[in-house]
2 protein chains.
Amino acid sequence: MANIQEVAKKAGVSVATVSRVLNKQAIVSDKTKEKVEQAIKELNYEPSLLGRNLRTSESRLILVLIPSISNPFYAEIINGIEDTAISQNYNILLCDTDSNPERESIYFNLVKNRMADGVISMDPTVNKERLFELAETYPIVQCSEYDEHGYIPYVTINNEEAAYHAVKHLIDVGHKRIALINSDEKFLYARERRQGFERALAESNLPIEDKWIYHTEEVDFEDGQKAMAHLLELEEKPTAVFAVSDVLAIGALKEIHSKGLKVPDDLAIVGFDKISFSNMTYPTLTTVSQPMYTMGCTAVNMLIDRLQGKEVNSVMLEHELIIRESTT
Amino acid sequence: MANIQEVAKKAGVSVATVSRVLNKQAIVSDKTKEKVEQAIKELNYEPSLLGRNLRTSESRLILVLIPSISNPFYAEIINGIEDTAISQNYNILLCDTDSNPERESIYFNLVKNRMADGVISMDPTVNKERLFELAETYPIVQCSEYDEHGYIPYVTINNEEAAYHAVKHLIDVGHKRIALINSDEKFLYARERRQGFERALAESNLPIEDKWIYHTEEVDFEDGQKAMAHLLELEEKPTAVFAVSDVLAIGALKEIHSKGLKVPDDLAIVGFDKISFSNMTYPTLTTVSQPMYTMGCTAVNMLIDRLQGKEVNSVMLEHELIIRESTT
DNA sequence: ATGAAAGCGCTAACAG
DNA sequence: CTGTTAGCGCTTTCAT
């Protein structure tokens, strides 16, 4: 556990010189550089980032906020975040809030306490007020979920359009009675996807029936099951379902099967997110793919730009409808 | 962004006193405490952990190593880790190595550079040599996967026994031709589960046939599909399959379906891990449940004990066979 | 090209 | 009970 002083002493130079070869920017003569490197090797020296970070007053840590690590939707985004962060010498502090304000508060404090330089929030359940407050002082980027009226830059997709495409596809293959399994409309993405759903219906002169719109409490498999169970009890049943997340769609699929019905013959279904499991269901799930990896990369790049004081603009990425067995 | 000095000045006390009220251990008179708290509030002061950590030479960060964040098996363990870490004022640096030695190397350096106080490794693909080397200097705990000959403490389950139970169950419901979809036997858990598999077979005087043992390259859905495709091409087909992970089992299930076969009538299948998906497949998957949350908690507690210089002993937790539709 | 010295923000002896 | 002071390990002027 040698420190920079011991290295300097052993190499017969000053600590400043050691620091210089460590950071390879300032000019050091080849001879001294060699001496220093020799000393570093002999002492097995590893510079302490604690010291460096205090001095430069940065932590080089990015706080990444997600509502639940169990939700596979976030996995691929995080891959993108991690790759990009590492390439820029940052690391990530992955925090799942479990939609728990207390936890969120702990994580926000990490930023205030300078243990993180900025935050990427992917948590739709985040306390908006507190996030905005934090954003006044610290760089924040929102990823996937965002706030339409806020000034926090974000990277997302066009949810309205994506939902429109999904529902349009159901209409195109002949469905007229289409249900929506939505999550709580306190989430912007839920409101936007509903709008897309309604636009597609309206465009084809199909009625928008309240009874075919179900709002779940959470976004777990069980919520999808419950939603579908409800829809299947209706007098006039839908022939197709658009669920705003694959997890919900998969729960719905499960429920359909356990009622002895067949997909897509009795009921077609389309999900959202293209999580890897959506290709393992029987039948495979038609879904909307988001460029998750790219979203993660973009979010990090935006945040680092902000960290460097640059202006950044919000970004909207392309989505893609993946047609699989559950609708055809 | 006030610092401790400004607070001290405003409160008319020394920085030491401010530090004392911050850490609420030393005795400070109520009057001065109030003054300090007032100053803190007025200045909106938040203590910098960078300064504190440098001084106490700890980062209060725990490095958590997983091979892939997309593998749902780790999600619940991480929940346990996070809850326990937070309750002890630690935070976690979640790092997925992607089984990439270069990344691993970056993460190991985080420890050497004092950005993390210790590591919990759940990565079976980790470079053992380098892990052992690191363990000579820094506290490390292994979770789930471990090394039988190493001196690194671990928390895990009895894999041999768990596999034995799973296979015994298949035998009990009448199967005689049982295949094993195993991952690479460079992993200890894979070797142990194979032993359990063989013990169950031997005990019932069933032959252990090489042709019914398949080793996958990775542990993704696709590997399970490939494995099953292979087994279904055999002249003499098995009537049951034990897969050493739910992800593999779900891939196998998919393949069975797409060949037009039925589970469990044509082929029974049991997985391992009890990931949440395993209850959403059709039919639902019989599997072995590990106490994942508890494993995470235990790992953190062990690590913190080590961080405090205490001796810790490895722990083996209980597993449970969850019988569902895929075998009955 | 290199060194001396200041200081990032905090904690912890030590003194009083 | 409180203040003074010395660092933790590093980077970065400012001289030389």
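Residues numbered from 1 in each chain as written. Chains lettered and ligands numbered in written order. Predicted model: local features only at pLDDT ≥ 70, side-chain atom pairs only at ≥ 80, totals over all residues. Heavy atoms only, no water.

Where an unreviewed UniProt entry is consulted, chain A appears under the name LacI family transcriptional regulator, with the organism given as Radiobacillus deserti.

Now, about the overall build of chain A: what can you tell me, with residues and values included?
Counting its regular elements, chain A contains twelve helices and twelve strands. Here the C-alpha radius of gyration of chain A, 25 Å, is well above what a compact globule of 328 residues would show, namely 20 Å. Taking the principal axes of the C-alpha coordinates as reference, chain A spans close to 85 × 40 × 30 Å. Going through the 328 residues of chain A one by one, you find that 57% of them count as buried. Split by element, the accessible area of chain A, about 14,100 Å² in all, is 44% carbon and sulfur. (Helix = DSSP H or I, 4+ residues; strand = E, 2+ residues; numbered from the N terminus. Rg over C-alpha atoms; globule rule 2.2 N^0.38 Å. Buried < 20%, exposed > 50% of the residue type's maximum accessible area, 1.4 Å probe, protein only. Areas by Shrake-Rupley, 256 points an atom, 1.4 Å probe, with all protein chains shown as cover.)

Just give me the short version of the domain arrangement of chain A, but keep the residues and values in it.
Many analyses report the size of an interface as the accessible area lost when the parts associate. Taken domain by domain, chain A consists of domain 1 (4–47), domain 2 (59–157 + 292–317) and domain 3 (159–290). Between domain 1 of chain A and domain 3 of chain A, the C-alpha centre-to-centre distance is 62 Å. (Domains from an automatic or database assignment.)

Run through the relation of the copies chain B and chain A, naming residues and quoting values.
The transformation that overlays chain B on chain A combines an axial shift of 0.0 Å with a rotation of 180°, and the residual RMSD is 0.1 Å. Taken together, the rotation angle and the small translation identify this as a two-fold axis. Within chain B, the C-alpha atom positioned nearest to the axis of rotation is that of L93(B), 2.6 Å from it. Both copies contact each other with a shared surface, as 98% of the interface residues of chain B are interface residues in chain A too. (Least-squares fit on C-alpha atoms with pLDDT ≥ 70 in both. Contact = heavy atoms within 4.5 Å.)

An account of the protein's contact with DNA strand C is needed here, citing residue identities and associated values.
DNA strand C sits among 24 residues. The nearest are R20(A), I4(B), Y45(B), R52(B) and R55(B). Among all atoms of DNA strand C positioned within 4 Å of the protein, those belonging to sugar or phosphate total 61%. At a separation of 2.6 Å, a phosphate oxygen of DNA strand C approaches a polar side-chain atom of R52(B). Among the secondary structure elements, those contributing two or more residues to the surface near DNA strand C are α2 (15–23) and α4 (49–56) of chain A together with α2 (15–23) and α4 (49–56) of chain B. The dominant element in the surface near DNA strand C, judged by the number of residues it contributes, is α2(B), at four residues. Across the surface near DNA strand C, the residue classes tally to nine nonpolar, ten polar and five charged. (Near = heavy atom within 4 Å. Polar contact = N/O pair within 3.5 Å; in protein donor to acceptor, adjacent residues only side chain to side chain. Nonpolar A, V, L, I, M, F, W, Y, C, P; charged D, E, K, R; others polar.)

Please provide a residue-by-residue account of the protein's contact with DNA strand D, values included.
Taken together, 24 residues lie around DNA strand D, and I4(A), Y45(A), R55(A), R20(B) and I27(B) are the ones closest in. Here DNA strand D approaches the protein such that, of its atoms within 4 Å, sugar and phosphate make up 56%. A distance of 2.7 Å separates a phosphate oxygen of DNA strand D from a polar atom in the side chain of R52(A). A distance of 3.0 Å is found between a phosphate oxygen of DNA strand D and a backbone nitrogen or oxygen belonging to S14(B). Only α2 and α4 of chain A together with α2 and α4 of chain B provide two or more residues apiece to the surface near DNA strand D.

Which residues make up the UniProt feature "domain: HTH cro/C1-type" (unreviewed entry) in chain A, and what are the values?
Here the UniProt feature "domain: HTH cro/C1-type" (unreviewed entry) sits at residues 5–50 of chain A. Counting secondary structure, residues 5–50 of chain A comes out at 70% helix and 0% strand; the distance between its end C-alpha atoms is 15 Å. (UniProt positions renumbered as here; feature names shortened; annotations may be inferred.)

Tell me what's going on with the sheet that holds strand β9 (residues 268–270) of chain A, and back it up with residues and numbers.
Within a sheet, adjacent strands bond to each other through the backbone by hydrogen bonds, running parallel or antiparallel. Residue and element names in this part refer to chain A. Pairing is parallel in the open sheet, where four strands are placed in the order β7-β6-β8-β9. One side of each edge strand has no neighbouring strand; the edge strands of this open sheet are β7 (213–215) and β9. Looking at each pair of strands side by side, their axes are set apart by 15° on average, direction ignored. As defined by bridge partners, strand β6 (residues 178–182) adjoins β7 across three bridges and the pair is classed as parallel. (Pairing = 2+ DSSP bridges. Axes fitted to C-alpha atoms, helices over the stretch in contact; angles between N-to-C directions.)

How would you explain the interface of chain B and chain A if you had to name every residue and give the values?
The interface of chain B with chain A comprises 54 residues on the first partner and 55 residues on the second. Taken over both partners, the interface formed by chain B and chain A buries close to 4,900 Å², and the fraction arising from carbon and sulfur atoms is 64%. Three residues stand out in chain B for area buried against chain A, namely L50(B), R114(B) and M280(B), and they jointly supply 16% of the buried area on that side. Our count for the chain B to chain A interface comes out at four salt bridges. On the surface where chain B and chain A come into contact, there are twelve residue pairs in polar contact (both at pLDDT 80 or more). For the side of chain B that touches chain A, the secondary-structure elements that each account for two or more residues are α4, α5 (73–87), β2 (91–96), α6 (101–112), α10 (221–232) and α11 (246–258) of chain B. Within the side of chain B that touches chain A, the residues separate by chemical class into 25 nonpolar, 17 polar and twelve charged. (Buried area = accessible area lost by both parts, 1.4 Å probe. Salt bridge = Lys/Arg side-chain N within 4 Å of Asp/Glu carboxyl O.)

Give me the lowdown on a negative patch on the surface, citing residues and values where you can.
Residues and elements named next belong to chain A. Among the surface-exposed residues, E217, E218, D220 and E222 lie close enough to one another that they form a single negatively charged patch. Position of D220 relative to the elements: it lies in the loop between β7 and α10 (221–232). In this structure D220 comes out as partly exposed when scored by relative accessible area, which is 41%. (Patch = residues over 30% accessible without salt bridge, like charges linked within 9 Å, V, L, I, M, F, W, Y side chains within 5 Å. Lys, Arg positive; Asp, Glu negative; His and termini not counted. Charge placed at Lys NZ, Arg CZ, Asp CG, Glu CD.)

Quick one: what's the story with the pairing of β2(B), residue by residue and with numbers?
All names here are of chain B. Counting buried positions over the six residues of β2 gives six, a clear majority of the element. Note that strand β1 (residues 61–66) and β2 share six bridges and pair parallel. Pairing of I62 across the sheet is with I92, part of β2. As a crossover connection, the stretch from β1 through α5 into β2 is right-handed. (Right-handed = clockwise from strand over helix to strand, strands pointing away.)

So what's going on with empty space enclosed by the protein? Residues and values would help.
Rolled over the atoms, a probe with the dimensions of a water molecule shows which regions are left empty. For the coordinates displayed, the defined rule picks out four cavities of 30 Å³ or more. The computed volume of the largest cavity comes to approximately 130 Å³. Lining the largest cavity are 15 residues, and of these M280(A), T281(A), Y282(A), T281(B) and Y282(B) lie nearest its centre. Sorting the residues of the lining of the largest cavity by element identifies α11 (246–258) of chain A together with α11 of chain B as the ones contributing at least two each. (1 Å grid on protein atoms, 1.4 Å probe; cavity = no way out; pocket = protein on both sides within 12 Å on 5 of 7 lines; lining within 4 Å. Points joined across faces, edges and corners; volume = space filled by probe spheres on them.)

With reference to specific residues and values, describe the nonpolar core.
In this structure, M122(A), F242(A), I120(B), M122(B) and F242(B) are the most contacted members of the largest nonpolar core, which totals 158 residues. The residues touching M122(B), leaving out its near neighbours within four places in the chain, are V64(B), L65(B), I66(B), P67(B), Y74(B), I77(B), I78(B), I81(B) and C143(B). Core analysis: the next-biggest nonpolar cluster, separate from the first, contains 42 residues, F108(A), A116(A), I152(A) and L65(B) among them. (Core = buried A, V, L, I, M, F, W, Y, C linked by side-chain atoms within 4.5 Å.)

Go over the sheet that holds strand β11 (residues 315–317) of chain A, please, and point to the residues and values.
Residue and element names in this part refer to chain A. Read across the sheet, six strands follow the order β2-β1-β3-β4-β5-β11 without closing on themselves; strand pairing throughout is parallel. Unpaired on one side and paired on the other, β2 (91–96) and β11 mark the two borders of the sheet. Neighbour to neighbour, the strand axes of the sheet diverge by 20° on average, direction disregarded. This element, helix α12 (residues 292–307), spans β1 (61–66), β3 (118–121), β4 (140–143), β5 (154–157) and β11 of the sheet and lies at about 165° to β4.

For the pairing of strand β4 (residues 140–143) of chain B, give the residues involved together with the corresponding values.
Residue and element names in this part refer to chain B. On β4, burial covers both faces: I140 and Q142 on one face and V141 and C143 on the other are all buried. Where strand β3 (residues 118–121) lies against β4, three bridges are found, and the strand directions are parallel. Looking across to β4, one finds that S121 is bridged to Q142. Of the crossover connections in this fold, the one passing from β3 over helix α7 (residues 128–137) to the parallel β4 is right-handed. Here β4 runs beside strand β5 (residues 154–157); their pairing, made up of two bridges, is parallel. Residue Q142 lies in a different strand from β5, and its bridge partner there is Y154.

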